[in-house]
Amino acid sequence: LVMLDITMFELDIKEVEMVLDGCGKMKALGVSVGLESGWEDLVNVWGKKERHIEALEIVGVPGEEFVEKWKGRQEVGLSKEVLGGLSDNWKGLKIVKVSILRTNVEQWVKEGNTWGRKG
């Protein structure tokens, strides 16, 4: 399996980790994942292992704590630090697209060793 889009189903962070572990040759992944407090939650779990993902789309499904934390903000809230925590072990990662329920989409592109927000 090289590409998987399971954005129509909400998974939790551990379920996505099982998908990543089971599909070691995957290059592109689109996933909807429950977020309780922030993006750091998933990076702390997913970023611990080496992965071969090049393109990642994360549709965040916010929990109550996340909603309160980000209420009134226009941006999705992903940072270069969070991306760095993921790309440390995901050496081939080039594009990360994140959104909250597919609104306020942020796309990050890695050029060289630097992440930059596009759009």
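So, here's what we can say about the structure. Bear in mind that the values here come from a model prediction, so they are computed numbers and not experimental data.

## Focus: the overall build of the protein chain
Argument step 1. The helix and strand tally for the protein chain stands at four helices and six strands.
Argument step 2. Counting helices and strands in the order they occur from the N terminus, the protein chain gives β-α-β-α-β-α-α-β-β-β.
Argument step 3. Taking 2.2 N^0.38 as the reference for a compact globule, 119 residues should give roughly 14 Å; the C-alpha atoms of the protein chain span a radius of gyration of 13 Å, in line with that estimate.
Argument step 4. In terms of overall dimensions, the protein chain has C-alpha extents of about 40 × 30 × 20 Å along its principal axes.
Argument step 5. Each of the 119 residues in the protein chain was classed as buried or not, and the buried ones make up 47%.
Argument step 6. Taking the contacts inside the protein chain whose residues are at least 6 apart along the sequence as the reference set, 65% of them involve residues at least 24 apart.
Argument step 7. For the protein chain, the computed accessible surface area is about 6,600 Å², with 52% contributed by carbon and sulfur atoms.
Argument step 8. One way to put it: in the protein chain the 17 positive side-chain charges average out to a point 7 Å from where the 20 negative ones average out.

## Examining a negative patch on the surface
Argument step 1. Taken together, the side chains of Glu10, Asp12, Glu15, Glu36, Glu64 and Glu65 present a region of like negative charge at the surface.
Argument step 2. Of note, glutamate 36 is situated in the loop between strand E2 (28-35) and helix H2 (39-46).

## Quick word on the pattern of salt bridges
Argument step 1. Within this structure, the stated rule accounts for seven salt bridges.
Argument step 2. For glutamate 17, the salt bridge is made with lysine 14, and the minimal N-O distance between the two is 3.9 Å. Here glutamate 17 and its partner lysine 14 are both found in helix H1 (residues 13-22), three residues apart, which amounts to about one turn of the helix.
Argument step 3. The partner of glutamate 54 in a salt bridge is lysine 27, and the shortest N-O contact between them spans 3.9 Å.

## Looking at the packing of aromatic side chains
Argument step 1. Scanning the model with the defined rule gives one aromatic pair in all.
Argument step 2. When the centroid spacing of 6.2 Å and the interplanar angle of 90° are considered together, the rings of tryptophan 39 and phenylalanine 66 count as edge-to-face. Taken together, the positions of tryptophan 39 in helix H2 and phenylalanine 66 in helix H3 (residues 64-70) put the pair 27 residues apart, joining distant regions of the chain.
Argument step 3. Overall, the relative accessible area of 3% leaves phenylalanine 66 in the buried class.

The rules behind these values
- Residues numbered from 1 in each chain as written.
- Predicted model: local features only at pLDDT ≥ 70, side-chain atom pairs only at ≥ 80, totals over all residues.
- Heavy atoms only, no water.
- Helix = DSSP H or I, 4+ residues; strand = E, 2+ residues; numbered from the N terminus.
- Rg over C-alpha atoms; globule rule 2.2 N^0.38 Å.
- Buried < 20%, exposed > 50% of the residue type's maximum accessible area, 1.4 Å probe, protein only.
- Contact = heavy atoms within 4.5 Å.
- Areas by Shrake-Rupley, 256 points an atom, 1.4 Å probe, with all protein chains shown as cover.
- Lys, Arg positive; Asp, Glu negative; His and termini not counted.
- Charge placed at Lys NZ, Arg CZ, Asp CG, Glu CD.
- Patch = residues over 30% accessible without salt bridge, like charges linked within 9 Å, V, L, I, M, F, W, Y side chains within 5 Å.
- Salt bridge = Lys/Arg side-chain N within 4 Å of Asp/Glu carboxyl O.
- Phe/Tyr/Trp six-rings, centres within 6.5 Å; stacked < 30°, edge-to-face > 60°.

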